[in-house]
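Topology and contacts: notes
Here is what each chain is made of, one letter per residue.
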Amino acid sequence: MEPFLLNMQLINDAFCAVYQHITLFSGSDPARLEAVRLYQKGRPLQPSYLYLLCSDDLKQLPSCLSGLSFLVSGPLSFGSIPADCSLLVVEEDASIPELFNLAQDTFERYTRWSQELYAAMKSDHPLDAMLEASLKVFQNPIFIHDTNFYILSCPHRAPNMLVWDKDARTGWNIVPLSLIHDFKVDPEYLSTLTTTEACVYSAEQRGYPILYMNLWNNGRYEGRICVDELETPILPGQRLLITHLAKQILQAMRNNSLFHLNMGNDIEQFFRNFLDGTVQDQSIVMKMLQFLDWKRNDHYLCLRLETSRQNIRMLSSAATLGHIETQIPQGHAFMHNNGITVLVNLTCSHARISDVLSSLAILLREGLLKMGASSEIYDFLQLSQGYYQARTALELGKKSGSMNWCCRFDDYLLEYLLSQGGEHLSPELLCSNKLLILKQYDEKNKTELYRTLQVYLELERNVLQTAKTLFIHRSTLFYRLERIQKLADINYEDAKERLILQLSFRILEQRIV
């Protein structure tokens, strides 16, 4: 654990709480102080210590004070002091032991705080533990929100503090939508999205100042720490405190103990990567499930929505995605490969597939959308295959010319199996040769044996229904069946042969389509 080094501003804040007549002289004020020492003439001075001495002793110091820090008791005329030399002058009647003890208490307080932050990183709820430990140093409400304004931690509330909304889909606290809209058009707020240092957001928007620090992880904005000035004034030295806090949070993120901060904001990107097969580490998947409060063996459904290029703008609008998520509890809708993919946890939403599909019927009709739906998935790790099912069902539905808005993979299972077989073999080589014999005979003799066999098998060898469908007499049907049997050597009693023949009919029909 790296020690937390103080700057002179933090020391000044602590002394201002006790003494009234104080002057801080500090050009640059780096965080370099690790302890307080009594000045001893002739002993080498080091930049990492704050030296306590009387104003008279200061006059006897060597001329080179560059990079040193001093706590001075008694009135002092500054004169010529190097720009990188820091002086905190207490002009009141205070003894050296009193000043030393106050300085020592200050160092010890922040050392304890830094140690508590380090311990919090290893706890079960590191964000909450870190902010709990930080309340006593900021003495104001402190919270963290992510890029979507979800409240990740807020251990203490105060009167007049903003009341969070409850997101119905996730159950998480979130900044009210009306305020989010105000932020998006507020020039001051928009300017805060690029800051990399601790800053204060003015009281104009909220009615009180807010000390904030953006969380940047490898150049990527992950969220923000905020301290509301509601109970005590925000002090200048607290900029260093919130900077150190942000550093510890980012370190915890890199250690994966704050998975829900650096990954929770990227649920959609995680889903995209997972469905595309680029997430290989199963521990990452399990952490995401924990964040979502999902179980691996919950029941899942994958949907795929597409439209024409003319309507792609409507498809990608936030309103469309928002409508889908409103209609489907425990559903996540996101743009993916020029369409919308929806992942639904059927277990958590206590929903049936039919209910989910019917809830989107109006959107599909009005938006001229078509949707593919997977089978019910019983293992989250198989959702990528569910995505493939949804896309395949949609493609097969379009190819068949179906007018249905929703194409379920279960309804196109046979077509899929046949299409897979036809990827490597032509339809003529994949189907039973007996049908080709009948087709050639029909073409040569102007007969309808091929059609007769097809209807006969489709109607499960029901003679009356077959004859009625073909508009022929039963005796004619018997004649044709006997002729078919002799020409193609077909055994009507063999269940396996009947199945092969029916599949062959389907294969040849697909070729015609």
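Structure: see above.
The present account deals with the structure reproduced in this document. All figures in this text were calculated on a predicted structure; none of them were measured in a lab. Throughout, residues of each chain are indexed from 1 in the direction in which the sequence is written. Local features in this predicted model are restricted to residues of pLDDT 70 or higher, and side-chain atom pairs are both shown and tallied only at a pLDDT of 80 or more, whereas totals for entire chains, interfaces and linings draw on every residue. With hydrogens and water set aside, each side-chain value is computed from the structure's full complement of heavy atoms.

Okay, the overall build of the protein next. To qualify as a helix, a DSSP run of H or I must reach at least 4 residues; to qualify as a strand, a run of E must reach at least 2; elements of each kind are numbered from the N terminus. What the protein contains, in helices and strands, is 23 helices and 17 strands. C-alpha extents for the protein along the principal axes are approximately 130 × 45 × 35 Å. Within the span of the protein, comprising 513 residues, buried residues form 47% of the whole. In this description, contact between two residues means that some pair of their heavy atoms is separated by no more than 4.5 Å. Considering only intrachain contacts with a sequence separation of at least 6, the fraction spanning at least 24 residues in the protein is 57%. Of the accessible surface of the protein, which amounts to about 26500 Å², a share of 51% is contributed by carbon and sulfur atoms. Positive and negative side-chain charges in the protein, numbering 48 and 58 respectively, have mean positions lying 11 Å apart. Think of it in three bands: residues with accessible area under 20% of the maximum for their type are buried, residues over 50% are exposed, and the middle band is partly exposed, with areas taken using a 1.4 Å probe on protein chains only. Per-residue and other accessible areas follow the Shrake-Rupley method at a 1.4 Å probe size, with only the shown protein chains counted as cover for residues. The charge count treats Lys and Arg as positive and Asp and Glu as negative. His and the chain ends do not count. Note that the charge is assigned to NZ on lysines, CZ on arginines, CG on aspartates and CD on glutamates.

Turning next to the packing of aromatic side chains. Two rings belonging to Phe, Tyr or Trp (six-membered ring only in the last case) form a pair when the distance between their centres is within 6.5 Å. Interplanar angles under 30 degrees mark stacking, angles over 60 mark edge-to-face geometry, and anything in between is tilted. In total, this model carries 24 aromatic pairs according to the counting rule given. Pairing Tyr51 with Phe70 gives two aromatic rings, centres 6.3 Å apart and planes at 40 degrees, and the pair type is tilted. Within this pair, whereas Tyr51 is found in strand E3 (residues 49-54), its partner Phe70 is found in strand E4 (residues 69-73), the two being separated by 19 residues in sequence. The two residues Tyr51 and Phe70 agree in class, both being buried. Taken together, the ring pairs connect Phe270, Phe271, Phe274, Trp294, Tyr300, Phe334 and Phe380 into an aromatic cluster.

Here we take up unusual backbone geometry. Phi at Lys446 takes a positive value of approximately 60 degrees, unusual for a residue other than glycine. A positive phi angle, near 55 degrees, is found at Glu460, a position not held by glycine. Within the secondary structure, Glu460 sits in the loop between helix H20 (449-458) and helix H21 (463-470). Accessibility expressed as a relative area gives 71% for Glu460, which makes it exposed.

We define a salt bridge as a side-chain nitrogen of Lys or Arg found within 4 Å of a carboxyl oxygen belonging to Asp or Glu. Per the counting criterion, the structure on display carries ten salt bridges. Measuring nitrogen to oxygen at the nearest pair gives 3.5 Å for the salt bridge that ties Glu268 to Arg272. Placement of the pair is Glu268 and Arg272 together in helix H9 (residues 267-275), with a separation of four residues, close to one helical turn. A salt bridge links Asp355 to Arg352; the shortest N-O distance between them is 3.2 Å. According to the relative accessible area criterion, Asp355 is partly exposed, its value standing at 34%. Since its relative accessible area comes to 57%, Arg352 is described here as exposed. One salt-bridge network, held together by shared partners, links Arg304, Glu306 and Lys398.

Before going further, it helps to spend a moment on the side chain of Asn140. Relative to the helices and strands, Asn140 resides in the loop between helix H4 (126-138) and strand E6 (142-146). The contacts of Asn140, once residues within four sequence positions are left out, are Leu135, Val227, Asp228, Glu229, Leu230, Glu231, Thr232, Pro233 and Ile234.

Next up on the list: the sheet that holds strand E14 (residues 331-335). Two strands qualify as a pair provided DSSP detects at least 2 bridges between them. On the basis of which strands lie adjacent, the open sheet formed by five strands has the order E14-E15-E13-E16-E17 and mixed pairing. The open sheet has two free edges, formed respectively by E14 and strand E17 (406-408), since each of these has just one partner strand. Averaged over all pairs of adjacent strands, the angle between their axes in this sheet comes to 20 degrees, without regard to strand direction. In terms of strand pairing, strand E13 (residues 300-306) meets strand E15 (residues 340-345) through six bridges, oriented antiparallel. Following the sheet pairing, Leu305 is matched in E15 by Ile340. Most of the contacts of helix H16 (residues 383-400) go to E13, to which it runs at about 40 degrees, and overall it touches E13, E15, strand E16 (370-373) and E17. Every axis corresponds to a line fitted to the C-alpha atoms, with the helix fit spanning only the stretch in contact, and the corresponding angles, defined between N-to-C directions, vary from 0 to 180 degrees.

At a closest axis distance of 9 Å, the pairing of H21 and helix H22 (residues 474-488) adopts a crossing angle of 100 degrees. For the element pair H21 / H22, the angle class is roughly perpendicular. Facing Val463, Leu464, Thr466, Ala467 and Leu470 of H21, the residues of H22 in contact are Arg474, Leu477, Phe478 and Arg480. Taken together, the residues that form the contact of H21 with H22 break down as six nonpolar, one polar and two charged. Orientation labels follow simple angle bins: below 35 degrees gives roughly parallel, above 145 gives roughly antiparallel, 65 to 115 gives roughly perpendicular, and whatever is left gives oblique. Just so you know the grouping, Ala, Val, Leu, Ile, Met, Phe, Trp, Tyr, Cys and Pro go in nonpolar, Asp, Glu, Lys and Arg go in charged, and all remaining residues, Gly too, go in polar.

Moving on, we get to the pairing of E13. When you tally the buried positions in E13, you get seven out of seven residues, the bulk of the element. Alternating positions in E13 separate into two faces, Tyr300, Cys302, Arg304 and Glu306 on one and Leu301, Leu303 and Leu305 on the other, with burial throughout. Two elements, E13 and E16, share four bridges in a ladder whose sense is antiparallel. The residue bridging Arg304 from the neighbouring strand is Gly372, located in E16.

Residue placement: Arg408 occurs in strand E17. By relative accessible area, Arg408 is classed as partly exposed at 26%. In this structure the C-alpha to C-alpha distance between Arg408 and Val227, which are 181 residues apart in sequence, comes to 51 Å. Ignoring anything within four residues of it in the chain, the contact list for Arg408 reads Ile353, Leu357, Ala373 and Ala393.

This part covers helix H7 (residues 238-254). Its 17 residues give H7 an end-to-end C-alpha distance of 24 Å, which sits within 8% of 24 Å, the value for a rise of 1.5 Å per residue. Summarising burial for H7: twelve of the 17 residues are buried, a large majority. Among the residues of H7, those classed as buried are Gln238, Leu240, Leu241, Ile242, His244, Leu245, Ala246, Gln248, Ile249, Leu250, Ala252 and Met253. To estimate how far a helix should extend, the number of its residues minus one is multiplied by 1.5 Å.

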